[in-house]
Structures are given as C-alpha cells and as structure tokens.
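Overview (structure and organization)
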Amino acid sequence: MKKNKRNNKFLKNNLLGILHAISEEQSMEGTMLKQVYNFPKPVMEMINWYSENDLFTSIDKVHSVSSLSELNKLNSSERIDKITNLRLNLKKEEWGLLSRNTLLLNFQDLINLEIKNIESIPKDIFELSSLESLKITSARDLKKVDPEIKELKKLKHLQLIAANKLENLPIELTELPGLKSLEITEATKLISIENVISKLQTVEYLKLSGNCDIPESISGLDSLRFLEITHYNSIALLPYKRLYEMTNLRVLGITTKRREDLRGISNLSNLTTLNLHSSSLTEEIGNLKNLESLWIQNCEEITCPYEFSQLHKLKGLQISSSYNLIEAPLFIPTLVNLVYLKFMGCPKLCRFSSEYRNFITPQLIELTRNDLLTKIPKELMHLKNRIKINK
C-alpha cells in the first residue's frame, strides 16, 4: 500500500512537472507564431493552451515589487494614486510583516494585482474596492480563500495557480456580482465544489485542475463559454452527459477514459475549440460543424474516424502523444481551411498517404519529437518551406 502511495505521488508530481514544462515551451512558441503568422483566434487558443494566463499581457505600465522596502518606497511616492497595476513577489517572511501593517490600504486605485508565495491572503486586499483582477501564483501554501473575498464587489477575474493545499472554496464567491473568470490549478486537496459551482451564474471562463468531483449542476451555468477540467485522480467524477448539454460553450478541454464518455458531444453545436485527452475517439466529433481547432492527445487508436473530414471549418489541428499512430489520418488532406497542423510525440508515425501530395492549405506544419520522422516525408515535399521538424 505504501509503495502504491509513493508511486501515485511520483506520477502526480511528474505530471505537474511536465505541464509546467509544456506551459513554458508553449508560451515562447505561441509568442513566436503570433508574430510570424496571422492565425485565427481559435487556432492561437489551441497553440497557447497550456500557457499561463498573464493579467498584464496587454497592460503597458506594471509596477513589480520584490521586497518590502521597495513597496515602502512605492507607497511614499507622490504618484501612488496613479498605480493601477501591481505585481508583488515578496519573500514568505515579508508577507507576515506586510500582514501586520496597513501598507496595501494606500493603493486604493489598484485594478490588477498579482501576488506570490502566500500562506493566507492579506486582509488589506479585501478593502481594495477598485480591484478587478486578483492572481495568486505559486499558491502552494494557501489553504483557504477567506469569506471576505465578497467585499471585492468589482472583482472580475480570480486566479489561484498551483493551489495544491487549497481545501475548499467559500460560498461567498457567489456574492461577487461581476465575476467573469475563475481559474484554480493543481488543487489536489480540493475535493468538493458542489456548494459553489452551481451558483457562479456570471462566470464565462472556468478552468479547474485537481482531484475534485464535478457536480451535475455545472450544466446550469448558462453564461459559461470556456471550460477546462483536468483530473489527476482517476476516480474523480465528471458528468459528461451534463457537459454536453452546455450548448453555449465555445471552448472545451476535458479528459475521457472510455468511448462512452464522448457520447453526446455532438450536441455542442457552438463549439469552436476542443482539447481532448482521450484513449478513444468517436465519429460524433465530425458533427461539430463550427469547430475551428482540435487537439487530440493520448489517443490509443491507430487512426481517426474519417467522419472528421466533415469538419469543414477546421483551421488548426494538433495530434500528440498518440503512441499507436503509424499513418497520418486520411481525413486531414480533405480539410480545405486547415492552416496549422502539428504532430508531436507520435513515435511510430512514419507514413503519409498519396492524398497528402494534394494538400496545399497549411501555412505551417510542425513535426515535433516523432521518432521516425527525421526528415520531411516525400508526400509533403511540395510544402517543405512551410514545414518545421523538431527532433
């Protein structure tokens, strides 16, 4: 039993490490591709999927503080009322000192705040009445979110990154009238969210990773447009049938264990982006007529259903970690709007059918870490200037 626990802990930590590495790699890759190619939004959503959402990406002026003395200096400046974006990266011992004074109360014009390495949220933060975005990164020691979170009436975005000691969510989250996005990652001790999740009626973006069961009441979130659920625990429950009733969804990322888990996915008629971790596939995906980007991961089948050729709007496609894939799927050359294609981590992939000789739409094809693809296949030589091989 102890050996199994150690193995499970090792697998979980290994998975988290892999996700962090992918996040960093994709962040750099996405930045490069955005500069070089003018890919549609759903394609960039897929490419940047594991990149960490940055509060300050589109903000010109951000004050970054790495010590309490720097914060004191900033606090004493004459232009403190002009500071709207603040990133605090204090040492753990300094957070304790900060919690015992009222320094943060002077930053009443803050709109976006990012903090790091905290054990508890400083009470002063709940009195920042203008705050719209709160991001807590490296939240590995954070065990709870205080009920006082309800005082942030203007809060729109809440991110708790790497919150692997977080044990519960306060019902007071549902009292935030303008909350639009909620992201909680690596929350391996968060078991139940049923009392909160069904009442987040204003949330449009929801990203959860951890071990918690997802209640059937999630299907009642009519405002939700983006949903990603990643489970590290194989016994955690996910009500697939209810998810497929959420016809307002535009973006979905899920993990499935059986083909039956995908039954009904074709009901998501407005879906534009699908990130699917699944050992099996279903022809129903071919009925997602508005799908523009598709990422298939960890599929154990040797090919994809030819019904995928009905995805006439598909512009971006990634197939990764498909260890049994030998021949590139036949449906791909039929996709007349595909501009981006990537095969990654498919160790047996080595064949492309003659249909690929007529494949002309991609602006970029990436062949990354596929053991048997060390050079451009002859069926793709006419696209050699658009192909990037990473061994």
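Residues numbered from 1 in each chain as written. Predicted model: local features only at pLDDT ≥ 70, side-chain atom pairs only at ≥ 80, totals over all residues. Heavy atoms only, no water.

**Here's the deal with helix 4 (residues 92–99)**
Taken residue by residue, helix 4 has Glu94, Trp95 and Leu98 as its buried positions. Burial along helix 4 is one-sided: seen end-on, the buried residues are contained in an arc of 105°. Contacts from the buried residues of helix 4 go to helix 3 (68–75), strand 2 (85–88) and strand 3 (112–116). (Buried < 20%, exposed > 50% of the residue type's maximum accessible area, 1.4 Å probe, protein only. Helix = DSSP H or I, 4+ residues; strand = E, 2+ residues; numbered from the N terminus. Arc of directions from axis to C-beta. Contact = heavy atoms within 4.5 Å.)

**A short note on the confidence of the model for the protein**
Per-residue confidence for the protein gives a mean pLDDT of 87; residues scoring 70 or more make up 87%. The low-confidence segment residues 1–28, where pLDDT is below 50, has 21 contacts with residues more than four positions distant or belonging to other chains. (pLDDT = per-residue confidence, 0-100.)

**Some words on the pattern of salt bridges**
Opposite charge on two side chains allows them to pair when their charged atoms are near. In this structure the tally under the stated criterion is 17 salt bridges. Of the charged contacts, one joins Lys123 and Asp146 as a salt bridge, the two residues approaching to 3.1 Å between their closest N and O atoms. One end of the pair, Lys123, is in the loop between strand 3 and strand 4 (133–137); the other, Asp146, is in the loop between strand 4 and strand 5 (157–160), and 23 residues separate them in sequence. Lys123 sits in the partly exposed class, given a relative accessible area of 46%. In this structure Asp146 comes out as buried when scored by relative accessible area, which is 5%. The shortest N-O distance in the salt bridge between Asp141 and Lys165 comes to 3.3 Å. Placement of the pair is Asp141 in the loop between strand 4 and strand 5 and Lys165 in the loop between strand 5 and strand 6 (181–187), with a sequence separation of 24 residues. Judged by its relative accessible area of 31%, Lys165 is partly exposed. Here the salt bridges do not stand alone but share partners, grouping Lys123, Lys144, Asp146 and Glu148 into one network. (Salt bridge = Lys/Arg side-chain N within 4 Å of Asp/Glu carboxyl O.)

**Regarding the packing of aromatic side chains**
The tally for this structure, following the rule as stated, stands at eight aromatic pairs. Ring centres 6.0 Å apart and planes at 85° place the aromatic pair Phe343 and Phe352 in the edge-to-face group. On the accessibility criterion, Phe352 (5% relative accessible area) is buried. (Phe/Tyr/Trp six-rings, centres within 6.5 Å; stacked < 30°, edge-to-face > 60°.)

**What about the environment of Ile214?**
Structurally, Ile214 can be placed in the loop between strand 7 (205–210) and strand 8 (226–231). For Ile214, a relative accessible area of 5% translates into the label buried. Note: C-alpha distance between Ile214 and Leu243 (29 residues apart in sequence) is 10.0 Å. Contact partners of Ile214, with chain neighbours within four places excluded, come to Ile193, Leu208, Ile229, His231, Leu237, Leu238 and Pro239.

**Things to note about empty space enclosed by the protein**
Applying the stated criterion to the full structure yields two cavities of 30 Å³ or more. Put simply, the largest cavity is a space of about 50 Å³. Lining the largest cavity are Trp49, Tyr50, Glu228, Ile229, Thr230, Gly253, Ile254, Thr255, Asn275 and His277. Listed by contribution, the elements that provide at least two residues to the lining of the largest cavity are strand 8, strand 9 (251–256) and strand 10 (273–278). Residue classes in the lining of the largest cavity are distributed as four nonpolar, five polar and one charged. A volume near 40 Å³ is recorded for the second largest cavity. (1 Å grid on protein atoms, 1.4 Å probe; cavity = no way out; pocket = protein on both sides within 12 Å on 5 of 7 lines; lining within 4 Å. Points joined across faces, edges and corners; volume = space filled by probe spheres on them. Nonpolar A, V, L, I, M, F, W, Y, C, P; charged D, E, K, R; others polar.)

**Some thoughts on unusual backbone geometry**
Non-glycine residue Ser138 carries a positive phi angle of around 50°. Along the polypeptide, Ser138 turns up in the loop between strand 4 and strand 5. Unlike most non-glycine residues, Ser321 shows phi in positive territory, near 50°. Along the chain, the position of Ser321 falls in the loop between strand 12 (316–320) and strand 13 (340–344).

**Here's the deal with the pairing of strand 11 (residues 293–297)**
In terms of burial, strand 11 is largely enclosed, as five of its five residues are buried. Burial along strand 11 is two-sided: Ser293, Trp295 and Gln297 and Leu294 and Ile296, pointing in opposite directions, are all buried. Where strand 10 lies against strand 11, five bridges are found, and the strand directions are parallel. Each residue of the ladder has a partner; that of Leu276, found in strand 11, is Ile296. Pairing of strand 11 with strand 12 involves five bridges; the strand directions are parallel. (Pairing = 2+ DSSP bridges.)

**Notes on helix 3**
What helix 3 keeps buried is the set Leu68, Leu71, Leu74 and Asn75. All buried residues of helix 3 lie within an arc of 120° about the axis, which places them on one face of the element. Along helix 3, exposed side chains directed more than 90 degrees from the buried face belong to Ser69 and Lys73.

**A closer look at the environment of Trp295**
If you trace the backbone, Trp295 turns up in strand 11. For the pair Trp295 and His277, spaced 18 residues apart in the sequence, the C-alpha separation amounts to 8.3 Å. At 2.9 Å, the side chain of Trp295 forms a polar contact with the side chain of Ser320. (Polar contact = N/O pair within 3.5 Å; in protein donor to acceptor, adjacent residues only side chain to side chain.)

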